[in-house]
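Chain by chain, the residues:
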Amino acid sequence: MNKQIKLCTASALLTLLALPVHAQTPQAPARTPIAENTGPNVTITHRASGVYRYETISDGRVRGEERWQFLAHPDGSRTLMVWHDLAARNAQFTVVLRVAGNFRPLEAFVNYWNGGAYKGSGHFVVSGDKLFAHSTGPSGPHNATVEVPEQFSIGTHPVAGDGWHTWGADPAQRGAQSGLLYAVEASTDVTKPILGTLTPIPVEFIGPESITVPAGRFETWHVKVAGMNDLWITPEDRLVIKSVIPARDLQYVLTEASGELR
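## A look at the pattern of salt bridges
Consideration 1: Enumeration according to the criterion identifies 10 salt bridges in this entry.
Consideration 2: Between Glu65 and Arg67 there is a salt bridge whose closest N-O contact spans 2.9 Å.
Consideration 3: What makes Glu65 partly exposed here is its relative accessible area of 28%.
Consideration 4: The exposure class of Arg67 is partly exposed, given its relative accessible area of 37%.

Below is the structure:
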């Protein structure tokens, strides 16, 4: 009798073990599918893109090009993605910049090749009055923290973002105004980490000008940065239309443009 009970118990246990798992666990409630957006991306209020030809002024010899994509967001912040091809020096810079609605830097990422060699990457984040920097590359990992004022800009070297160096200056004021630049190390020396130093940068608003470049005709502000670099920038987003450095016989000219260059 005991033997028969044991056999029945074992048989019942095997039956329970053979039941499918879903029969033993409660079913999760069905999720309501999220409707896919079929209209414009709500995180982008307007956008633009363009290409610069990098050339000598004296004879028009092409030295490289730069391509960029600009995005403006609902909170007023802006994002700029840049691919800088300086073929004449076997340099290639990939840069992403983010600024607040008033153009104060929020974040930057850079990845540099220069002189045919990989230099490394750097990530820079601004929080309050601190800029936190992290660099990696052939020289190893490096970290730095720098105190920054309310008005400053980050110089990562591609041209498209150079108009953002003017944000702390008053367009109605004539003559050079003092500014401050966190200049990122980008030389061919791979032993130097991609960190930055704060350096003065004067900015002068010369006035509104209408200029024509291969990409079209634009209403711009003519400004001079660092006493040597003439820039023609759009008034609202401060995107560069043309950049000229006579002392170095160099210029960047916008050859292609699409979207809203405000």
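## Here we look at the layout of surface pockets
Consideration 1: What the largest pocket holds in volume is close to 810 Å³.
Consideration 2: Taken together, 32 residues form the lining of the largest pocket, with His157, Asp162, Asn229, Ile245 and Arg248 sitting closest to its centre.
Consideration 3: Across the lining of the largest pocket, the residue classes break down as 18 nonpolar, 10 polar and 4 charged.

## Comments concerning empty space enclosed by the protein
Consideration 1: The final tally for this structure, using the stated rule, is 2 cavities of 30 Å³ or more.
Consideration 2: For the largest cavity, the calculated volume is near 80 Å³.
Consideration 3: Surrounding the largest cavity, Leu97, Arg98, Val99, Phe103, Pro105, Glu107, Ser153, Ile154, Gly161 and Trp164 form its lining.
Consideration 4: Elements with a minimum of two residues in the lining of the largest cavity: strand E4 (91–99), strand E5 (105–114) and strand E9 (153–155).
Consideration 5: Per-element tally for the lining of the largest cavity: the top contributor is E4, with 3 residues.
Consideration 6: In this structure, the second largest cavity encloses a volume near 30 Å³.
Consideration 7: The wall of the second largest cavity is formed by Leu97, Ile154, Thr156, His157, Pro158, Gly161, Asp162 and His165.
Consideration 8: Looking at the lining of the second largest cavity, its residues break down into 3 nonpolar, 4 polar and 1 charged.

Rules and cut-offs
Residues numbered from 1 in each chain as written. Predicted model: local features only at pLDDT ≥ 70, side-chain atom pairs only at ≥ 80, totals over all residues. Heavy atoms only, no water. Salt bridge = Lys/Arg side-chain N within 4 Å of Asp/Glu carboxyl O. Buried < 20%, exposed > 50% of the residue type's maximum accessible area, 1.4 Å probe, protein only. 1 Å grid on protein atoms, 1.4 Å probe; cavity = no way out; pocket = protein on both sides within 12 Å on 5 of 7 lines; lining within 4 Å. Points joined across faces, edges and corners; volume = space filled by probe spheres on them. Nonpolar A, V, L, I, M, F, W, Y, C, P; charged D, E, K, R; others polar. Helix = DSSP H or I, 4+ residues; strand = E, 2+ residues; numbered from the N terminus.

It is worth stressing that arrangement in space is one thing and function is another; only the former is reported here.
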